[in-house]
Amino acid sequence: MSMTSTVQPDLRRKRINWQKVAVIVAFAVVPLFLLILFTYVPFVKMIQFSFYNMSYTKNKGFVGLDNYLRVFSKSEYVGAMLLSLYYMAGAVVQLALALFFASILSLERIRGGGVYKAILFFPFLVNGIAIGYIFKYFYTRGFVLDSVLQAIGFSLDSLPYWLRDQSVNNWSLVFTSVWKYCGQNMVLFIGAIASIDPTLYEAATIDGANRWQQFKAIILPGIKTVFMLNLILSITGSLSAFEPAYVVGSMGANGTATFFIKIHQMAHVSQKVGQACAMAMVLMALILIFTVLQRLFFRYVMKDSENTFNAKANKAKALW
Amino acid sequence: MSNTTMAVRTTNTAARVQRTVIKTLEYLALLLACFIALLPIVSSFTTSFKTAEEYATSNAMDLPRNWLNFENYRQVWVDGEMLRAFLTSASVVVVVVVVSVMMGSMLAYVLNRFRFPGNGLIRNLFMIATLIPGIAMQVTTYDIMRQLGFLNSIVGYMILMSGTDVISIYIFLQYFENLDGALDESAVLEGCTYFGVFFKILLPLTKPAIITVAVLKGVGVYNEYYNANLYLQSNTWRTISTALYSFSGPFKSSYNIICAGVLLTLIPSLIVFLIFQKQVYAGLASGSVKG
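Reading guide: rules and limits
Residues numbered from 1 in each chain as written. Chains lettered and ligands numbered in written order. Predicted model: local features only at pLDDT ≥ 70, side-chain atom pairs only at ≥ 80, totals over all residues. Heavy atoms only, no water. Salt bridge = Lys/Arg side-chain N within 4 Å of Asp/Glu carboxyl O. Helix = DSSP H or I, 4+ residues; strand = E, 2+ residues; numbered from the N terminus. Buried < 20%, exposed > 50% of the residue type's maximum accessible area, 1.4 Å probe, protein only. Pairing = 2+ DSSP bridges. 1 Å grid on protein atoms, 1.4 Å probe; cavity = no way out; pocket = protein on both sides within 12 Å on 5 of 7 lines; lining within 4 Å. Points joined across faces, edges and corners; volume = space filled by probe spheres on them. Nonpolar A, V, L, I, M, F, W, Y, C, P; charged D, E, K, R; others polar. Contact = heavy atoms within 4.5 Å. Polar contact = N/O pair within 3.5 Å; in protein donor to acceptor, adjacent residues only side chain to side chain. Domains from an automatic or database assignment. Buried area = accessible area lost by both parts, 1.4 Å probe. Phe/Tyr/Trp six-rings, centres within 6.5 Å; stacked < 30°, edge-to-face > 60°. Lys NZ or Arg CZ within 6 Å of the ring centre and 35° of its normal. Patch = residues over 30% accessible without salt bridge, like charges linked within 9 Å, V, L, I, M, F, W, Y side chains within 5 Å. Areas by Shrake-Rupley, 256 points an atom, 1.4 Å probe, with all protein chains shown as cover. Lys, Arg positive; Asp, Glu negative; His and termini not counted. Charge placed at Lys NZ, Arg CZ, Asp CG, Glu CD. Core = buried A, V, L, I, M, F, W, Y, C linked by side-chain atoms within 4.5 Å. pLDDT = per-residue confidence, 0-100. Disulfide = S-S within 2.5 Å. Arc of directions from axis to C-beta.

1. Describing the pattern of salt bridges
Two side chains bearing opposite charge may form a pair once their charged atoms approach each other closely.
Then, number 1: For the structure shown, the criterion picks out 8 salt bridges over all chains.
Then, number 2: Salt-bridge contacts for Lys180(A) lead to Glu243(A); the nearest nitrogen and oxygen are separated by 3.0 Å. Taken together, the positions of Lys180(A) in helix 9 (residues 169-194) and Glu243(A) in helix 13 (residues 243-248) put the pair 63 residues apart, joining distant regions of the chain.
Then, number 3: The exposure class assigned to Lys180(A) is buried, which follows from its relative accessible area of 9%.
Then, number 4: For Asp184(B), the salt bridge goes to Arg113(B), with nearest N and O atoms at 2.8 Å. One end of the pair, Asp184(B), is in helix 9 (residues 181-189); the other, Arg113(B), is in helix 4 (residues 82-113), and 71 residues separate them in sequence. Neither Asp184(B) nor Arg113(B) differs from the other in exposure class; each is buried.
Then, number 5: Members of the salt-bridge network, linked through shared partners, are Lys45(A), Asp143(B) and Arg146(B).

Next up, the structure:
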């Protein structure tokens, strides 16, 4: 072994490869700039604004924690936050239905399975504003839903006003969300189930396991990661729910204004940007707490390791 | 015939009957779910063929008298200026898809193929960004857009739509990990530049990832309404979403006309879905695992 052969590669590595620098800068600078501009700058501004009494154009001065205190002291905001419980309940039903239909379509020989899958999935591709009109029409007194219910024996007088009556209208809105996202969840579950080794089912059938036992012993463990991601997305989605109330519920009319709708109105209608930022901070803190708690739960209780950008970064072998 | 074979036969029949019952129930559940998934859309479809008089007098579930009554479609197309809205949406979709594909693939190439100080930092910045709920930052994003002069600017809207997406980067990153580095190496040894490697060799190879990102992003941008309503309030630049949103003004509660507009906006999504069904499903899966 000569000295030169070990020294030379080190020397070569020290020489700057300008072409490499050029390609890195040229390819990374724009996405990085946009990431900072639309994610990190708004983030820092949000923290800053939340301590001020200000509109978009006028700053009336530093107010300390006043904005935050108001979020927790006004029952209006706490009530709006509690509306997410409706959406969480809906999310649980949605996940259960999605899992049910995913297992039927994956395990049973269903004729035309692809057609069912496509039909159940399609609502996910419907424009949100279109969903608004479709369901306003659907829920209007005596229209689509009422006609169907009358056909199966309900009398119109016993039916509520689905979007106006405050005892049911939040459930009506939650239903539109389940309608839109259930098929999407199902497609994700079908994908996860498809990645399970099919010989496991054969072995289980030979061992005399019934469908329910197969589901518990093979499918559930096999789709754990996707299930937990869907769960996190559903819970955080419930906390920041706004789509149904925005498009179907006429911007949160009749007691359907979720917390995000309140933030939106605070910023763009009342022009109280500082207050809106404090509310957004509270929302974000709640979402982060829920996400971290669920991740910790899955990591330590289920002993599940996750696939992140970072895990990949450590594994990845750079070429140049 | 012995008793045991009889017993086996009866349990077999019992099992078969049970299977048939379960199977029937499964089909019924699927059919019911499909009915619920389709009912809101189909009822809008039938309503869109009704005349004003018919709409006012008939039940919502009654079928239209004339299935070839396209008057509502004509009216919504003309009075709702839908052609203009479709063209605006189409240009937004094309620009955003091209920009996202280029940015995503270029960044993924650099992050995956090159070792340099900051590689890990950039990955972390993008990863942490997935944890920050974008929706919570609408308020201050609006302030930035305002200061950049991007209110009522179609260019600003396009930039915003292209700049806030991690999923396409992630999809490309996954794809590059499975592309063999030997290709790049031999090309560089033969005197190809890094730019040449990317544009001439790797980019064409990522076609499946490009289609996935394009379909996913395209449908997403086409259906986007929150930012469109916030940033494109003037009549000059109306996307399909904002055009639809404005219908409640001129068409008030003439749902027969509004339903025609709703159905028209569904057509592009339906066509893309029917052609690229596999990519839509696959893209969702890779998008959701962004962890």
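Read on, since the account is not over.
2. Thoughts on the pairing of strand 2 (residues 59-62) of chain A
Then, number 1: Inspection of the sheet shows strand 1 (residues 52-54) of chain A paired to strand 2 of chain A by 2 bridges, in the antiparallel sense. Looking across to strand 2 of chain A, one finds that Tyr52(A) is bridged to Phe62(A).

3. Structural notes on the layout of surface pockets
Then, number 1: In this structure, the second largest pocket encloses a volume near 410 Å³.
Then, number 2: Breaking the lining of the second largest pocket down by element, the ones donating at least two residues are helix 5 (84-107) and helix 9 of chain A together with helix 1 (3-47) of chain B.
Then, number 3: Looking at the lining of the second largest pocket element by element, the count peaks at 8 residues for helix 9 of chain A.
Then, number 4: Partitioned by chemical class, the residues of the lining of the second largest pocket number 19 nonpolar, 2 polar and no charged.

4. Details of the interface of chain A and chain B
Then, number 1: Opposite the 98 residues of chain A that make contact, chain B presents 105 residues.
Then, number 2: Along the contact surface separating chain A from chain B lie 1 salt bridge.
Then, number 3: For Asp143(B), the salt bridge identified is with Lys45(A), shortest N-O distance 2.9 Å.
Then, number 4: Linking chain A with chain B are 20 residue pairs in polar contact (both at pLDDT 80 or more).
Then, number 5: At 23 residues, the largest contribution of residues to the side of chain A that touches chain B is made by helix 2 (residues 18-49) of chain A.

5. What to know about the domain arrangement of chain B
Note: interface size is frequently given as the accessible area lost on complex formation between the parts.
All names here are of chain B.
Then, number 1: Once the domains are mapped, chain B shows domain 1 (3-47) and domain 2 (81-288).
Then, number 2: In this structure, domain 1 and domain 2 have C-alpha centres spaced 41 Å apart.
Then, number 3: Both faces considered, domain 1 and domain 2 share a buried interface measuring about 360 Å² in area, 85% of it formed by carbon and sulfur atoms.
Then, number 4: Applying the counting rule to domain 1 against domain 2 returns 0 salt bridges.
Then, number 5: On the surface where domain 1 and domain 2 come into contact, there are 0 residue pairs in polar contact (both at pLDDT 80 or more).
Then, number 6: Considered class by class, the residues forming the side of domain 1 that touches domain 2 number 2 nonpolar, 2 polar and no charged.

6. Details of the side chain of Asn229(B)
Then, number 1: Along the chain, the position of Asn229(B) falls in helix 12 (residues 226-231).
Then, number 2: Asn229(B) gets classed as buried once you look at its relative accessible area, which sits at 10%.
Then, number 3: Leave out the neighbours within four places in its chain, and Asn229(B) touches Ile129(A), Tyr246(A), Thr242(B) and Tyr245(B).

7. Considerations on the packing of aromatic side chains
Then, number 1: Under the definition given, this model contains 48 aromatic pairs over all chains.
Then, number 2: Taking the centre distance of 6.0 Å and the plane angle of 55° together, the rings of Phe27(A) and Tyr109(B) count as tilted. Residue Phe27(A) is found in helix 2, and its partner Tyr109(B) is found in helix 4; the two belong to separate chains.
Then, number 3: When its relative accessible area of 0% is taken as the criterion, Tyr109(B) is described as buried.
Then, number 4: Arranged with centres 4.8 Å apart and planes meeting at 50°, the rings of Tyr56(A) and Tyr142(B) form a pair that is tilted. Of this pair, Tyr56(A) sits in the loop between strand 1 and strand 2 while Tyr142(B) sits in helix 6 (residues 138-147), placing the two residues on different chains. Comparing Tyr56(A) with Tyr142(B), the two get one shared label, buried.
Then, number 5: Through successive ring pairs, a cluster of aromatic residues spans Phe27(A), Tyr109(B), Phe114(B), Phe176(B), Tyr194(B), Phe195(B), Phe198(B) and Phe199(B).
Then, number 6: One residue, Arg141(A), lies across the ring of Tyr161(A), its end atom 4.4 Å from the ring centre.

8. Considerations on a positive patch on the surface
Then, number 1: Residues Lys58(A), Lys60(A), Arg70(A), Lys74(A) and Lys272(A) make up a contiguous surface patch of positive charge.
Then, number 2: For Lys58(A), the location among the structural elements is in the loop between strand 1 and strand 2.

9. Here we look at the nonpolar core
Then, number 1: In terms of nonpolar packing, the biggest core is built from 188 residues, with Val126(A), Met186(A), Phe259(A) and Tyr109(B) touching the most fellow members.
Then, number 2: Not counting chain neighbours up to four residues away, the residues in contact with Val126(A) comprise Ile131(A), Ile134(A), Trp179(A), Lys180(A), Ile41(B), Asn223(B) and Leu266(B).

10. So, the confidence of the model for chain A
Note that predicted coordinates carrying low pLDDT should not be read in detail.
All names here are of chain A.
Then, number 1: Summing up the model confidence of chain A, the mean pLDDT is 86 and the portion of residues at 70 or higher is 89%.
Then, number 2: Residue range residues 1-11 is modelled with pLDDT below 50. Its contacts to residues more than four positions away, or to other chains, number 1 contact.
Then, number 3: The low-confidence segment residues 305-316, where pLDDT is below 50, has 23 contacts with residues more than four positions distant or belonging to other chains.

11. A few points about unusual backbone geometry
Then, number 1: Here the phi dihedral of Gln271(A) falls at roughly 60°; this positive angle occurs in a residue that is not glycine.
Then, number 2: In this structure, Asn152(B) is a non-glycine residue whose phi angle is positive, near 55°.
Then, number 3: The residue Asn152(B) is located in the loop between helix 6 and helix 7 (154-163) in this model.
Then, number 4: Judged by relative accessible area, Asn152(B) falls into the partly exposed class, the value being 36%.

12. A look at the state of the cysteines
As used here, a disulfide is simply a covalent bond connecting the sulfur atoms of two cysteines.
Then, number 1: Within the structure shown, the criterion is met by 0 disulfides over all chains.
Then, number 2: Between Cys182(A), a free cysteine, and Cys34(B), which holds the nearest cysteine sulfur, the sulfur-to-sulfur gap is 11 Å.

13. What about helix 9 of chain B?
In an α-helix, one full turn covers 3.6 residues, which means residues spaced three or four apart are oriented alike.
All names here are of chain B.
Then, number 1: Within helix 9 the residues assigned to the buried category are Gly181, Asp184 and Ala187. The arc that holds every buried residue of helix 9, seen down its axis, measures 130°, which confines them to one face.
Then, number 2: Buried residues belonging to helix 9 abut helix 4 and helix 10 (194-205).
Then, number 3: By the N-cap criterion, in which a side-chain oxygen at the helix start approaches the backbone nitrogen of a residue two or three places on, helix 9 is capped by Asp180, the distance to Ala182 being 3.2 Å.

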